[in-house]
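Descriptive structure summary
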Amino acid sequence: MVASNIAAAPHVTTPIFAGVDVGGTCIKLGVIDDNGRILSHDKLETRSFREPAEAMRESGKNLMRQLAGLGHRLSDVRAVGLGTPGPMDITRGLILTPGNLPTWRNSPVRDLLRDACNGLPVTLTNDANAAAFGEFWLGAGRDASSLVLLTLGTGVGGGIIVDGYCIQGAHSAAAEIGHICIDRRPDARLCPCGQRGHLEAYASATALVNRTRETLETEALSSLKVAIDEGQELNGLLIYQHALTGDSLAHRLILETADYLAWGIADLAHVVDPEIFVLGGAMNFGGNQSPLGRKFIERIEQGVRSLAFPVISGSLKIVFSQLGNDAGFVGAAGLARQHSLSQHLTQQ
């Protein structure tokens, strides 16, 4: 466990909310006030827990410790938000078949966390939807009414916010952005889901590594080839580092990734027509702080302008996320807050 980070908060705006973001590696937890100020946050190692019930019990205890450090009790929290990987059944509060958490299959995580938090109401959502709402509420999309988030990492995830509401879908499977089809050829790249031509098969960090490895088989004039021969692991970070030092092959493949993303974003723009697309996840090539990161965004923008209706692409914003790894627990808490407020209005 990493030590809690508790901010000095003499003027907390009540009510307060808690967010829990379950990932394959870490569970991130935080306490947030009604104005969206992060009061405290912490994280636990997901794989240190054998079963989801144990993980939810420890999450509840962790939130209690954070609250105690702030001078609050669990009873001071209005509601808790929980984001987990999919597939899931949000209505029943279940996580179904998460690929990176095999012991969590068909687990009633919502009720497990509710019990661990002494009966507090828990709002369950997909982890990418939670991150999207976090960016909408407090991050890159806080001035927008609609947003689409793409999370770029091992796979491609996503979340869609329209008029302030998170689109969950009839089967709790909305915004599976990585599985929109951008290549209908019979020999299109195979996605980890078993289908061909999906965006994830072209624009994830895994896809970038696969495309780089294949290209190096025919184009060996690259500093990446030397690094691999010396025993370095081929991953997205290595490709980015060699692109920065002038390797033309690495640079080209990164910009090709931007082209693939432009195809997917243009398709989504015609369906959703959001004000802003936000790119989150680990694969950001340095983000706004890096010339390559900025060029990556510019290349996507150019592609979208060439593919989408001008009325859509003319004012469409494409930006990197602002909340980073905090987006998930922030958004989970934000969705719990929204649900709590809507219930309060309904009861009046």
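Here, every reference points to the structure presented above.
Residues numbered from 1 in each chain as written. Predicted model: local features only at pLDDT ≥ 70, side-chain atom pairs only at ≥ 80, totals over all residues. Heavy atoms only, no water.

**As for the packing of helix α5 (residues 205–218) against helix α8 (residues 248–272)**
- Direction vectors running N to C along α5 and α8 enclose 135°, while the axes themselves pass 10 Å from each other. By the criterion of interaxial angle, the relationship of α5 to α8 is oblique. α5 and α8 meet at a crossing whose hand is right-handed. Where α5 approaches α8, its residues Leu208, Arg211, Thr212, Thr215 and Leu216 are matched on the opposing element by Leu249, Arg252, Leu253, Ile254, Glu256, Thr257 and Tyr260. (Axes fitted to C-alpha atoms, helices over the stretch in contact; angles between N-to-C directions. Helix = DSSP H or I, 4+ residues; strand = E, 2+ residues; numbered from the N terminus. Parallel < 35°, antiparallel > 145°, perpendicular 65-115°, else oblique. Left-handed = near helix turned anticlockwise from the far one by under 90°. Contact = heavy atoms within 4.5 Å.)

**Remarks on the environment of Cys193**
- Along the polypeptide, Cys193 turns up in the loop between β11 (165–166) and α4 (200–203).
- Accessibility expressed as a relative area gives 42% for Cys193, which makes it partly exposed.
- Residues Cys193 and Ala116, 77 residues apart in the sequence, show an inter-C-alpha distance of 34 Å.
- Among all residues touching Cys193, those that are not within four sequence positions of it are His179 and His198. (Buried < 20%, exposed > 50% of the residue type's maximum accessible area, 1.4 Å probe, protein only.)

**Things to note about the packing of aromatic side chains**
- If you walk through the whole model with that rule in mind, you get 5 aromatic pairs.
- Arranged with centres 5.5 Å apart and planes meeting at 80°, the rings of Tyr260 and Trp263 form a pair that is edge-to-face. Of this pair, Tyr260 and Trp263 both sit in helix α8, 3 residues apart, which is roughly one turn of the helix.
- Tyr260 sits in the buried class, given a relative accessible area of 16%.
- For Trp263, a relative accessible area of 38% gives the class partly exposed.
- Feature note: the residues Tyr202, Tyr260 and Trp263 constitute an aromatic cluster, connected by ring pairs.
- The ring of Tyr202 has Arg189 sitting right over it, with the charged end atom 6.0 Å from the ring centre. (Phe/Tyr/Trp six-rings, centres within 6.5 Å; stacked < 30°, edge-to-face > 60°. Lys NZ or Arg CZ within 6 Å of the ring centre and 35° of its normal.)

**Focus on the sheet that holds strand β10 (residues 156–162)**
- Read from one edge of the open sheet, 5 strands run β11-β10-β9-β12-β13, paired in mixed fashion. The two strands at the open ends of the sheet, each matched to only one other strand, are β11 and β13 (317–320).
- Both strand β12 (residues 276–280) and β13 contribute to a ladder of 4 bridges, which runs parallel. The partner of Leu279 across the bridge, within β13, is Phe320. (Pairing = 2+ DSSP bridges.)

**Quick word on helix α2 (residues 109–116)**
- Every buried residue belonging to α2 is among Val109, Leu113 and Ala116, and all of these are buried. The buried residues of α2 occupy an angular sector of 60° when the element is viewed end-on, so they sit on one face.
- Looking at the buried residues of α2, the elements they touch are β2 (16–22), α1 (52–69), β5 (77–84), β7 (94–95) and β8 (122–126).
- Backbone geometry just after α2 places Asn118 at a positive phi near 55°. (Arc of directions from axis to C-beta.)

Function cannot be read off these values alone, since they describe shape.
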